[in-house]
Amino acid sequence: MRITIVGGGIAGLVTALSLHAAGFRPEVRESARTIDAVGVGINLLPNAVRELTELGLAGELAAVALAPERLLYCDRHGDPVWEEPLGHRGGYLWPQYSVHRGCLQTLLLEAVRRRLGPDAVRTAMAFEGFEESADDIAAHFRDRASGTTVVERTDLLIGADGIDSALRALLHPGQAPANWNGVHMWRAVAETPHLLGSRTIVVAGGEPGDKFVAYPIADPQTPGGKAMVNWVLEVRHRDGPAAPGRPGRRIGLPEARARIQEWNLPWTDLPALVENSTGIHEYPMLDRDPLPRWSFGRIALLGDAAHPMYPMGMNGGSQSVVDARVLAWCLAGDSDPAAALQRYDHLRRDPVNRIVLQNRQSGPERIISEAAALRGELPAERAQEISHHYKQLSGATPEDLNTRPSWNALSTG
C-alpha cells in the first residue's frame, strides 16, 4: 500500500517511523528546501517518550536530551507556588525529556532515512492539492527547485503539515483563521548556569502574557560550565505589534533589555540570559478551533494539522507522537484503510480536542494564574487537583500510561 505523508516535521517523521514499524513503506514530502537543525526547545512527556522508546529510539534520544526531574511553578517574584516531580520521579516508567527541537528532528530524519532508505524523505515539495478516484489519490506537489508540478499516485494521504496545513484547508474549506489570544512569545536559547538545579523546568508569573518559562536542554560541556537553556517570555504589547505575524520577528537587544527589566527573578540573571541568547524571536500564541473530523476516506490529518493548541502543559508535540502511533496501529489492524483511518479519528479526535479547549483555560498553568489572583499561596489540594485533572484529560497519569497496552502494531495480532 502506497502512503504519502505531507510534512517532514516531527509529526510527519514519527508517522513514517511508526508506519514502517507496522510493515508499511511510506514516503514523506516536505515543502522546505532543507530540513535543518533549527529552533529552540521542546518537551516530550512520558507518553511520547514511551512511543519513541517502543520505536527503538531510546538510546538515541537519551544521547541528545535531558530528563527533567521537577516542575516548579513560581509567582512573578520568583517565589515557589507549587512543585511536582517529573518522569521517573513522578512514578512513570519512562522519563520526560527536554531537547533542542532541531536535534530531535535531525535524530528522527536520520532514523527515517536509515530504516526506509535515503529517498524516503523528499524536500522542496510544496503540497498544492489532490484528486481522488475509486482506485487511488493523485497528490499534486510543486517542485520548488524546478517550479514544475509533480503528481504522485498514492493509496493513502496523511496530512502532517502543521498549523497552516494546506491539506486541512482543502478538507475543511472556509475554516476560520488561527485564533490568537493576544500573547506573543519571545523564544530563545542561551548559555547560562543551571537554574534552580540542573533538572528543573520553571514556570513563573500568572496569566498568559505575563509569564517566564525556562529549562535546560543540554548540560555544560565542562564541570562548572554553562548549560544550554531554553527560555520563553510571554508578552502583551502595550503598543507596537498588534496582530500575529509569521515567521517570527527578531527581537533586538534594546527591546529585550527593556522588557526584561520588568522582571526580578532572584534565581537567574535575566539581563545576562538575554545578552547570551543566540537570537530572540517573537511568535504569536495561536491555536485553531477543534475539527469535527480528521479522516475523510483514505485521507487523514494528525499533529498540528489536526489539533494546534496553545503551549500549555507541554502537550502539543507529545500528542502528535501519540497520533502517529495510533494511526499506524489502526492501519495495521484493519484490511480496510478507510475504516482504519476512521477508527484512528474516533480514538484520538475527541480526547485531543478536549486538551485544545482546556489549554485555552491555561491548562495546568492555572496553578499560577489562580495563585496570582489570590495574591498568595495556592492551597496544595487545589494545585494537586488542577495538575491531576490535566493529566487525566490527556490520558497520561502514571496509572494510565504505565498500564495501557502498547500501540505497537504487533499487539493487534
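Computed from a prediction, not measured in an experiment: that's the story for all the values here.

### Thoughts on the packing of aromatic side chains
One pass over the structure, following the stated rule, counts 5 aromatic pairs. Between Phe127 and Phe141 the ring centres are 5.7 Å apart and the planes differ by 70°, which places this aromatic pair in the edge-to-face class. Of the two residues, Phe127 is situated in strand 8 (residues 125-132) and Phe141 in strand 9 (residues 137-143); the sequence distance between them amounts to 14 residues. For the residue pair Phe127 and Phe141, the accessibility class agrees, reading buried in each case. Among the aromatic residues, those joined into a ring-pair cluster are Phe212, Trp231 and Trp267. If you follow Arg76 out to its NZ or CZ, it ends over the ring of Trp263, 4.1 Å from the centre. It is Arg293 that lies over the ring of Phe296; its NZ or CZ is 4.0 Å from the centre.

### So, helix 6 (residues 253-260)
Within helix 6 the residues assigned to the buried category are Ala256, Arg259 and Ile260. Take helix 6 and look down its axis: the buried residues cluster within an arc of 95°, on one side only. For helix 6, the elements touching its buried residues are strand 12 (179-192), strand 15 (227-235), strand 16 (249-251), helix 7 (270-275) and strand 17 (280-287).

### Here's the deal with the pattern of salt bridges
All chains considered together, the criterion is met by 34 salt bridges. Here Glu132 and Arg298 are joined by a salt bridge, their closest N and O atoms 3.3 Å apart. Taken together, the residues Glu132 in strand 8 and Arg298 in the loop between strand 18 (295-296) and strand 19 (299-301) connect sequence positions 166 residues apart. Assessed through its relative accessible area of 41%, Glu132 is described here as partly exposed. For Arg298, a relative accessible area of 16% gives the class buried. One salt bridge in this structure joins Asp136 and Arg153, with 2.8 Å as the shortest N-O distance. With a gap of 17 residues between them, Asp136 in the loop between strand 8 and strand 9 and Arg153 in strand 10 (residues 149-154) connect regions that are remote in the sequence.

### A look at the packing of helix 10 (residues 366-374) against helix 11 (residues 380-393)
Closest axis-to-axis distance for the helix 10/helix 11 pair is 9 Å, and the angle between their directions is 150°. By the angle class used here, helix 10 and helix 11 are roughly antiparallel. The hand of the helix 10/helix 11 crossing is right-handed. Contacts between helix 10 and helix 11 involve Arg366, Ile367 and Glu370 from the former and Arg382, Ala383, Ile386 and Ser387 from the latter. A per-class count over the contact of helix 10 with helix 11 returns 3 nonpolar, 1 polar and 3 charged.

### Focus: the nonpolar core
Counting 78 residues, the largest nonpolar core has Leu52, Leu108, Leu327 and Leu331 as its most contacted members. Looking at which element gives the most residues to this core, the answer is helix 8 (residues 316-332), with 9 residues. The residues touching Leu327, leaving out its near neighbours within four places in the chain, are Leu19, Ile158, Ala300, Leu302, Leu341 and Tyr344. Counting residues in each nonpolar core, the second largest holds 25 residues, with Leu195, Ala227, Ala256 and Trp263 among its members.

### Section: the sheet that holds strand 8
Strand order in the open sheet formed by 3 strands is 8-9-10, and the pairing between neighbours is antiparallel. Single-partner strands in this sheet number two, and they are strand 8 and strand 10. Averaged over neighbouring strand pairs, the angle between their axes works out to 25° when direction is ignored. Pairing of strand 8 with strand 9 involves 7 bridges; the strand directions are antiparallel. Considered in strand 9, the bridge of Glu132 is made with Ile137.

### Thoughts on the pairing of strand 10
Successive side chains on a regular strand alternate, one facing one side of the sheet and the next facing the other. Residues Val150, Glu152 and Thr154 point to one face of strand 10 and are all buried, whereas Thr149, Val151 and Arg153, pointing to the other face, are not buried. Two elements, strand 9 and strand 10, share 6 bridges in a ladder whose sense is antiparallel. By the bridge assignment for strand 10, His140 is matched with Val151. Between the antiparallel neighbours strand 9 and strand 10 lie 5 residues, among them Gly147 with a positive phi of about 80°.

### As for the environment of Thr200
Relative to the helices and strands, Thr200 resides in strand 13 (residues 200-205). Residue class for Thr200 comes out buried when judged on its relative accessible area of 4%. In the structure, Thr200 is positioned 95 residues away from Ser295 in sequence and 39 Å away in space, judged by C-alpha atoms. Of note is the side chain of Thr200, whose polar atom sits 2.8 Å from the backbone oxygen of Leu196.

### With respect to helix 1 (residues 10-21)
Taking 1.5 Å per residue as the helical rise, helix 1 with its 12 residues ought to reach 16 Å, and the 16 Å between its terminal C-alpha atoms agrees with that figure. Buried residues dominate helix 1, accounting for 10 of its 12 residues. If you check which residues of helix 1 are buried, you get Ile10, Ala11, Gly12, Leu13, Val14, Thr15, Ala16, Leu17, Ser18 and Leu19. At the C-terminal side of helix 1, Gly23 shows a positive phi close to 100°.

### Points about the side chain of Arg325
Of note, Arg325 is situated in helix 8. Of note is the side chain of Arg325, whose polar atom sits 2.9 Å from the side chain of Glu54. Apart from residues lying up to four places away in sequence, Arg325 is in contact with Ser18, Glu51, Glu54, Leu55, Ser406, Trp407 and Asn408.

### A short note on the sheet that holds strand 18
Strand order in this open sheet of 6 strands is 7-2-1-11-19-18, and the pairing throughout is mixed. Only two strands of the sheet have a single neighbouring strand rather than two, namely strand 7 (121-122) and strand 18. Pairing analysis gives 4 bridges linking strand 1 (residues 3-6) to strand 11 (residues 156-159), with the strands arranged parallel. Along strand 11, the bridge assignment pairs Val6 with Gly159. Sitting on the sheet, helix 1 is in contact with strand 1, strand 2 (27-29), strand 7 and strand 11, with an inclination near 160° to strand 1.

About the cut-offs
- Residues numbered from 1 in each chain as written.
- Predicted model: local features only at pLDDT ≥ 70, side-chain atom pairs only at ≥ 80, totals over all residues.
- Heavy atoms only, no water.
- Phe/Tyr/Trp six-rings, centres within 6.5 Å; stacked < 30°, edge-to-face > 60°.
- Helix = DSSP H or I, 4+ residues; strand = E, 2+ residues; numbered from the N terminus.
- Buried < 20%, exposed > 50% of the residue type's maximum accessible area, 1.4 Å probe, protein only.
- Lys NZ or Arg CZ within 6 Å of the ring centre and 35° of its normal.
- Arc of directions from axis to C-beta.
- Contact = heavy atoms within 4.5 Å.
- Salt bridge = Lys/Arg side-chain N within 4 Å of Asp/Glu carboxyl O.
- Axes fitted to C-alpha atoms, helices over the stretch in contact; angles between N-to-C directions.
- Parallel < 35°, antiparallel > 145°, perpendicular 65-115°, else oblique.
- Left-handed = near helix turned anticlockwise from the far one by under 90°.
- Nonpolar A, V, L, I, M, F, W, Y, C, P; charged D, E, K, R; others polar.
- Core = buried A, V, L, I, M, F, W, Y, C linked by side-chain atoms within 4.5 Å.
- Pairing = 2+ DSSP bridges.
- Polar contact = N/O pair within 3.5 Å; in protein donor to acceptor, adjacent residues only side chain to side chain.
- Expected span 1.5 Å × (residues − 1).

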